[in-house]
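Residues per chain are reported as follows:
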Amino acid sequence: MKNFKYIPAESLEKASQKKDDSVLMAGGTDLLGMIKDDLLTPETVINLKSLKELKNIRYNAGKGLEIGALATITELAENSDVQKRFPVLVQTCKEIASPQLRNVGTVGGNLCQRPRCWYYRGEFNCLRKGGDTCFAVDGENKFHCVVGGGPCYIVHPSDLAVSLLALDASLEIFSNGKLKTVPIDDFFILPEQNETKENILEPGEIVTKIIVPEIPAGSKCAFIKFKERASWDFAVVSLGILLNTNGSTIKNGRIVFGGVAPRPWIDTALNTKLTGAATDEKNLKSLADSALLEAEPMSKNDYKIILVRNLLKQALIDLSKN
Amino acid sequence: MANTKFIKSEFFFEEDVRESVAEVPVDKHQPWPENEKLKVVGKEIPRIDGYDKTSGTALYTFDINLPHMAHAKILRSVWPHARIKSIDTTQAENLPGVLAVITHKNIPEIKWFEDSFLFDTKIRYEGEEIAGIAAETEEIAEKALKLIKIEVEELDFTVDPGQAMKETAPKIHEGGNIVGGNPFTYERGNFEEGIKNADAIIEETYSTQVVVHNPTEPHCSVANWDGDKLTVWDSTQAIFTVRGVVSRALNIPENNVRVIKKYMGGGFGSKLAGGKYTVIAALLAKKTGRPVRLTLDRREMNLAVGNRPDSVQSLKLGAKKDGTLTAMSHYAYGSSGAYQSGAGCSWPFRTVYQCPNVKVEEYTVYINAGPGRPFRAPGHVQGTFAMDSAIDLLAGRINMDPLEFRLKNYAEKDQVYNIPYTSKKLREAYEAGAKAIGWEKRNKQPGVGTGRYKTGIGMGTQIWWGGGGPPAYVTLKLNRDYSVEVLAGSQDLGTGTYTFVAQVASEVLEIPMERISVILGDTGVVPYGPPSGGSVTSPSISPAVRDAAEQMKQKLMKAAAAVLSLKENDLVYKNGTVSSKSDPSKSIFLSDIMGKINEPVLVTTGAREANPEGYMIQTFGAQFADVEVDTLTGKVRVKKIVAAHDIGRVLNRTLLENQFHGGIIQGIGFALMEERIIDGNTGKVLTTNLHDYKLPLITDMPEIEVIIVSEGDPMISNTGVKGIGEPAHIPTAAAIANAIFNATGVQIKSTPMTPDKVLMALSQNS
């Protein structure tokens, strides 16, 4: 580990004017590990924790939920408005890491965390680190992506990103002294756009707030995370679903997959089939079986497609009940 | 010490049968009655070091902090196979705070594994030691590592044992990649003939992964010189082994090396050998003239301090319609790593089930990866997984209940040596375990359940030596104030040695546990005892403790007879007081006896007696698993494990359950999630942290029920104790595998049985 200077952020403005060799720290649960592993070698670590205004969680009836980027995962899960109106977010929070990590890790940090690919994290000069090879292509790719990959084949590690995308959230970003709002769908990028980062943030840009619109009346939501171990594990695959059914048909809905792509993934073909689809078990099964048709699994991860379809089928059936 | 004699003795340690001549006591003590009639032994007594550990006052090796202590790190190879052309340490040496740098260039040649050295110019695996650095702080030492410039010639490597066995594979040692040049072979009867007589035959290949010990406490040594005398604090399972290794490496006599280990956070076999890091710490301490602490980090622990070798096992079994096994063959290979270790796994196969015609051929293969080390029942875990999976398959072929099949082929004698067992209560274990798990609830037809979650019940059989034996000595010191110190040539790995030693002394001398202290893990102080591996500690040490304590009691009786002018046979000992049977008014407390004979401290030395000649000592058991398989995801949840075992006498019920819990947790890890993964293209290990190397967590734990069907084995020793550390771990994976088979009707033939494998197997089956 390289030694670094550690300073609290004086203001959002000052923090965003950071030098190239400085990094911004939210909870630090990922960042500090990366510094320890020499994946990052900053001169200065600027802790955003001092920006108390970024910790608020506020609910406005009709408008929805505003989550300060520095709210911890635990704070989000324990907020009474969130528990009442956005139980799917509570469900998601409880699947993240471990209680200790949730007490420190923040919502903004969760969205901006770096991938867990063992080549990226290990002593491999891979594409994402500026090298010229993705070692997963003909290597150990059991946990890598089945869709949206190339030239790098990571999966995005955030659980909250999957749920928030299903809820059609937006991110408020402090950029060049101003605030801008970006749909979360436009926030995450694919390696074909840039294989060294996972989102649109430019140096000095800071996610300040996550805005979640009201869940449309009558809609049901679910977050399903599949992991190999019962706790403290990243998603092998995950599903974020919002579904509005009308007796025997789906009025509208949105399905997002995690663990299958370098970003939270919206299978467009699948999602366009939702509106008007019948909710009988046979049809939901065929709907689920049409997920990830464009996937191109690698040598060791074709199971992910079966896994996603199985879990989706079950989730659609469960959500369509009553 | 009482009268002793020298006898021929057999001793099983890990996979080795060691025949030796051993000094043993002539007089045998009466066997103890069953635990129910004992006062301290066998009871649920909390560990005596429990408070120190939970309060944080217990000193582990890392806690040793000496004045002026320097901190060391090891430079390790990033290449799987290479030849060092040059090393330049100038920059590292010039970094402020760096105190010493050692490489092959500036220390004497120290022989290590086979044809290699402490620092070798040929690198055979990623993680191999290249240099050591001592600095004012660990951080400086780490920085300095990066300043060492190394030029290498990279060599072709091989990290797959199947590939490494081929003629064309890169050679890791001059003699080729098959350890010893030849396979281990074993044969009895006529296998081909046996197959001809079979009504049903199965032929399957099973494979198991490399797993890494990953004890909670890292490997750590602190070295301090005082003139020519070296003291090493070391996190080790074998203080005397470490002393020997350090003395040979540094070419100094053993009396100049003192190895100390008080408390330890697990080893599981990875701390059975003397480590290079210990010698490196001693060399750096010498060079700097300061004490040196060297601690490995998690990455180093996953690269360089041992693992359980993998295995590919091809089995062919034949049986008659009535279930009689007629023939069994086992062809296997497994990776040793870059240096010699044992990958053999056929012992259970050769001996658990009655079969006249058995053939075994197994290869241990060098690959460019960290060398294996014994890991909690080496060979048996992987061997039992394959063997018991095949047994269930074969039983299914002839529509026979797998438990009935096992009972049909119950071996009354050891089949390899053709000798009787001192005791074998496997039948009782089968019966008790089956009852506790509800064996009758299992699917009569595997996989018949419907719905998302399918449940099943399966079992596995356990065999392991665990009888211990001589030499093992104990010194007991009785103080005039009615307090005791017991010094045993052993070490407590966290298993509870401190506690059971005190219990045995307390039982015999009828002195309360609070007045007994136990000193272990210090070669400068304790008499010799065996390394703590092979489940030999309690069966070797507890009889020596009893011997020392019984001698002490006899000494007190003799002295009391003299003091009271009474005949010895008229005296009884109770709670520290010796009284006359004929005239109870005549009695004397031990403090007064010792006062009269002017002895402030009485000393006795006890020894482990010999094992009986012509008998095989084994532990036995069966574990039963109740599992639930999520057919949508392939995830297996172990709901319950019943462990029913014959392990001789229980010394402490609480510690016994701890051992079972640990063994079963590790068994679940092996069965379902742990795996060292190497990237085949670069030869580098991918799972060097505890995120990628998945250990089971508390939420993965099932309900565990432990049943002991034995009450002491009087033939083996005066306490009748057998070891339990390894038996607890052996059959868990096999039981889980068979439960998955019973739940789904699909056999998963490769561990870890991760969701991807289970899901793919289910989807190919449907």
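These numbers were taken from a predicted model, which means no experiment stands behind them.

Some words on the overall build of chain B
A count of helices and strands for chain B gives 18 helices and 32 strands. When its C-alpha atoms are laid out on the principal axes, chain B stretches across 85 × 75 × 45 Å. Put simply, chain B has 766 residues, and 66% of those count as buried. If you take every contact in chain B between residues at least 6 apart in sequence, the share linking residues at least 24 apart comes to 80%.

Points about the domain arrangement of chain B
What the domain assignment lists for chain B is domain 1 (4-61 + 468-607), domain 2 (64-155 + 216-266 + 271-304), domain 3 (156-212 + 306-411) and domain 4 (422-466 + 617-766). When each unit is reduced to the centre of its C-alpha atoms, the spacing between domain 1 of chain B and domain 3 of chain B is 42 Å.

Considering the pattern of salt bridges
One pass over the full model with this rule turns up 59 salt bridges over all chains. The salt bridge involving A:Arg263 is made with A:Asp185; its shortest N-O contact spans 2.5 Å. One end of the pair, A:Arg263, is in the loop between β11 (249-258) and α11 (268-272); the other, A:Asp185, is in helix α10 (residues 184-187), and 78 residues separate them in sequence. In this structure, the salt-bridge partner of B:Arg546 is B:Glu550, at a minimum N-O distance of 2.9 Å. Taken together, the residues B:Arg546 and B:Glu550, both in helix α14 (residues 537-564) and four residues apart, mark about one turn of the helix. This pair shows no difference in class: B:Arg546 is buried, exactly as B:Glu550 is. One connected set of salt bridges, linked through shared partners, spans B:Lys73, B:Arg76, B:Glu128, B:Glu129, B:Glu138, B:Glu142, B:Lys276 and B:Glu300.

Quick look at the sheet that holds strand β25 (residues 577-580) of chain B
All names here are of chain B. Read across the open sheet, the three strands follow the order β24-β25-β26; overall the sheet is antiparallel. Each of the sheet's edge strands pairs with one partner strand only, and the pair in question is β24 (571-574) and β26 (587-589). With strand direction ignored, the average angle separating the axes of adjacent strands in the sheet is 20°. Against the sheet, α14 contacts β24, β25 and β26, and its axis sits at roughly 130° relative to β24.

A word on helix α3 (residues 138-145) of chain B
For α3(B), the complete set of buried residues consists of B:Ala141, B:Ala144 and B:Leu145. Taken down its axis, α3(B) places every buried residue within 105° of arc, on the same side.

As for the sheet that holds strand β22 (residues 483-488) of chain B
Residues and elements named next belong to chain B. Spatial ordering of the open sheet is given by β23-β22-β21-β27, a layout of four strands whose pairing is mixed. Every interior strand has two partners, whereas the edge strands, β23 (516-519) and β27 (601-607), have only one. In this sheet, adjacent strand axes meet at a mean angle of 20° when their direction is disregarded. Pairing geometry for β22 and β23, over four bridges, is parallel. Along β23, the bridge assignment pairs Val486 with Val518. Helix-sheet contacts for helix α13 (residues 497-509) involve β21 (473-479), β22 and β23, and the interaxial angle to β23 is about 135°. Strands in contact with α14 are β21, β22 and β27; relative to β27, the strand with the most contacts, it is inclined by about 140°.

Digging into empty space enclosed by the protein
Within this structure, the stated rule accounts for five cavities of 30 Å³ or more. Reported here for the largest cavity is a volume of approximately 280 Å³. Surrounding the largest cavity, 15 residues form its lining, A:Arg116, A:Phe143, A:Val155, A:Phe234 and B:His691 being those nearest its centre. For the lining of the largest cavity, the per-class residue count stands at eight nonpolar, three polar and four charged. One number sums up the size of the second largest cavity: a volume of about 80 Å³. Around the second largest cavity sit 13 residues that line it, and A:Phe143, A:Glu228, B:Met673, B:Ile677 and B:Asp692 are the ones nearest its centre.

About the thresholds
- Residues numbered from 1 in each chain as written.
- Chains lettered and ligands numbered in written order.
- Predicted model: local features only at pLDDT ≥ 70, side-chain atom pairs only at ≥ 80, totals over all residues.
- Heavy atoms only, no water.
- Helix = DSSP H or I, 4+ residues; strand = E, 2+ residues; numbered from the N terminus.
- Buried < 20%, exposed > 50% of the residue type's maximum accessible area, 1.4 Å probe, protein only.
- Contact = heavy atoms within 4.5 Å.
- Domains from an automatic or database assignment.
- Salt bridge = Lys/Arg side-chain N within 4 Å of Asp/Glu carboxyl O.
- Pairing = 2+ DSSP bridges.
- Axes fitted to C-alpha atoms, helices over the stretch in contact; angles between N-to-C directions.
- Arc of directions from axis to C-beta.
- 1 Å grid on protein atoms, 1.4 Å probe; cavity = no way out; pocket = protein on both sides within 12 Å on 5 of 7 lines; lining within 4 Å.
- Points joined across faces, edges and corners; volume = space filled by probe spheres on them.
- Nonpolar A, V, L, I, M, F, W, Y, C, P; charged D, E, K, R; others polar.

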